[in-house]
Amino acid sequence: MRSIVKDMITLSDEMLLGKAEPKSPQRIGPFTVNTYSFENATMMQRKSKIK
């Protein structure tokens, strides 16, 4: 469980720094969502919500 938390922190840091590369975008309803992964952590994010 601790490794997942560490991986999520690393993934979040990489996303905030702009270093994380998204996988291919997916359509979920009316939204386009990018999926980011690092080791055991995965996060989906709508690009329109990034400020």
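See the structure above.
For every chain, the first residue of the written sequence is number 1, and numbering continues from 1 onward in sequence order. The predicted nature of this model means local features are confined to residues of pLDDT at least 70 and side-chain atom pairs, given and counted, to a pLDDT of 80 or more, with totals for whole chains, interfaces and linings taken over all residues. With hydrogens and water set aside, each side-chain value is computed from the structure's full complement of heavy atoms.

J.: Just checking my understanding: could you explain the pairing of strand E2 (residues 31–38) for this structure?
T.: Along any regular strand, the residues point their side chains to alternate faces of the sheet. Both strand E1 (residues 26–28) and E2 contribute to a ladder of three bridges, which runs antiparallel. Each residue of the ladder has a partner; that of Gln26, found in E2, is Val33. Two strands are said to pair when DSSP picks up at least two bridges between them. For the purposes of this entry, the term helix denotes a DSSP run of H or I that reaches at least four residues, the term strand denotes a run of E that reaches at least two, and both are numbered from the N terminus. In this antiparallel pair of consecutive strands, E1 and E2, the connection spans two residues, and Gly29 shows a positive phi of 60°. Sheet analysis places E2 next to strand E3 (residues 41–46), joined by six bridges and oriented antiparallel. Looking at the pairing, Ser37 lines up with Thr42 of E3. Connecting E2 to the antiparallel partner E3 that follows it, the hairpin turn spans two residues, and Glu39 within it adopts a positive phi of roughly 50°.

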